[in-house]
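Structural overview
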Amino acid sequence: MISTLQLLRSDEHHLGSAPVTSLTGKSLEKTLPDAKAPGNFENYLLDALNYVNGKQTSSDVIAQQLIVDPDSVDVHDVTIAMAEANLSLTMAQAVIDRMIKGWTEITTTR
Amino acid sequence: MGLFSSINIAATGMSVERLRTDVISDNIANASTTRTADGGKFKKSTVILEAISGDLQYRNPFVPESIDGGVGKGVRALRVEKDTTQGRMVYDPTHPDAIQSGPNAGYVEYPNVNIVNEMVNLISASRAYEANSTVIQGSKEMFQQALQIGK
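Residues numbered from 1 in each chain as written. Chains lettered and ligands numbered in written order. Predicted model: local features only at pLDDT ≥ 70, side-chain atom pairs only at ≥ 80, totals over all residues. Heavy atoms only, no water.

1. Quick word on the interface of chain A and chain B
At the junction of the two partners, chain A supplies 14 residues and chain B supplies 15 residues. When chain A packs against chain B, the two sides together hide about 1,300 Å² of surface, and 71% of this comes from carbon and sulfur. Area buried by chain A at its contact with chain B is led by His76, Ile80 and Leu87 of chain A, which between them contribute 42% of it. Counting the contacts that link chain A with chain B gives one salt bridge. Between Asp74 of chain A and Arg18 of chain B there is a salt bridge whose closest N-O contact spans 3.4 Å. Here chain A and chain B share three residue pairs in polar contact (both at pLDDT 80 or more) between them. Contributing elements (two or more residues each) for the side of chain A that touches chain B: α1 (41-68) and α2 (75-107) of chain A. Per-element accounting of the side of chain A that touches chain B gives the leading share, 11 residues, to α2 of chain A. In the side of chain A that touches chain B, the residues fall into six nonpolar, three polar and five charged. (Contact = heavy atoms within 4.5 Å. Buried area = accessible area lost by both parts, 1.4 Å probe. Salt bridge = Lys/Arg side-chain N within 4 Å of Asp/Glu carboxyl O. Polar contact = N/O pair within 3.5 Å; in protein donor to acceptor, adjacent residues only side chain to side chain. Helix = DSSP H or I, 4+ residues; strand = E, 2+ residues; numbered from the N terminus. Nonpolar A, V, L, I, M, F, W, Y, C, P; charged D, E, K, R; others polar.)

This is the structure we're talking about:
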């Protein structure tokens, strides 16, 4: 059910801080009380995506720092942060591809 | 062994090599300096490096020798030290910084910087930087190879 989804916004770079509502105007709050239970695959995936997102924003921050205050940061720190963000995103992409592949294999079972 | 630990360790090495390059650059720039702001002579600087050890852990509680930090966490610059040996003495009584009295009267003390040594250290630092960069490339390629397995 789409109404059980909740957008995780631990980073203020994303969409401000206003509460997110669905297209129908209803608040997109979690309706399942056990959805936060540990070991839940959804939480695992969202935590992993949060980690990837953290890498992206930290590479963003350090790149901005290179521009506004070049003496305070080494060039290799910036490129390494970018490489880590890139690798994290590639891995997230690989995991999501496998998930979707599994899903389509199950739904197209004949 | 984290996801990016080898990359982060190599990054500490790269930062240290940058600092060594800064110090070498300062030494070369001051190779003919005859006075400093605090009144003394300019002395060559050297970076003292220290390994960052991993977390201490007992592999075996009965054998004290087994206290092992495991894989280290890289390198850091402990401090920048001055080499206090005497510098090059050049006889030049007309120089404003010439020694006025004593057995060395008429001599000017130039810094104890040897340009040739500094250039060799510079090559060493830039090659070490390159080596750390190659480690990062290798680690990145391993990561990407591992992702290829899932394809």
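Continuing now.
2. Overview of the packing of α1 of chain A against α2 of chain A
Residue and element names in this part refer to chain A. Axis separation between α1 and α2 bottoms out at 9 Å; the angle between their running directions is 155°. On the basis of their axis angle, the class for α1 and α2 is roughly antiparallel. Crossing handedness for the pair α1 and α2: left-handed. Judged by residue contacts, Phe41, Leu45, Leu49, Tyr51, Val52, Lys55, Gln56, Ser59, Ile62, Ala63 and Leu66 of α1 engage Asp77, Val78, Ala81, Met82, Glu84, Ala85, Ser88, Leu89, Ala92, Val95, Ile96 and Met99 from α2. For the contact of α1 with α2, the residue count by class is 17 nonpolar, three polar and three charged. (Axes fitted to C-alpha atoms, helices over the stretch in contact; angles between N-to-C directions. Parallel < 35°, antiparallel > 145°, perpendicular 65-115°, else oblique. Left-handed = near helix turned anticlockwise from the far one by under 90°.)

3. Quick word on the side chain of Asp97 of chain B
Residue and element names in this part refer to chain B. Tracing the sequence through the fold places Asp97 in the loop between β5 (89-91) and β6 (107-109). There is a polar contact of 2.7 Å between the side chain of Asp97 and the side chain of Thr34. Every residue in contact with Asp97, bar those within four places of it in the chain, is listed here: Thr34, Arg35, Lys41 and Val108.

4. Details of the pattern of salt bridges
Using the criterion set out here, one finds eight salt bridges over all chains in the structure. Where Glu84 of chain A meets Lys55 of chain A, a salt bridge forms, and the shortest distance between an N and an O atom there is 2.8 Å. You can see Glu84 of chain A sitting in helix α2 and its partner Lys55 of chain A sitting in helix α1, a full 29 residues away along the chain. Taken individually, Glu84 of chain A and Lys55 of chain A each receive the classification buried, so the pair is uniform in this respect. With a shortest N-O distance of 2.8 Å, Glu81 of chain B and Arg79 of chain B are connected by a salt bridge. What makes Glu81 of chain B partly exposed here is its relative accessible area of 32%. Residue classification places Arg79 of chain B among the partly exposed residues on the basis of a relative accessible area of 42%. (Buried < 20%, exposed > 50% of the residue type's maximum accessible area, 1.4 Å probe, protein only.)

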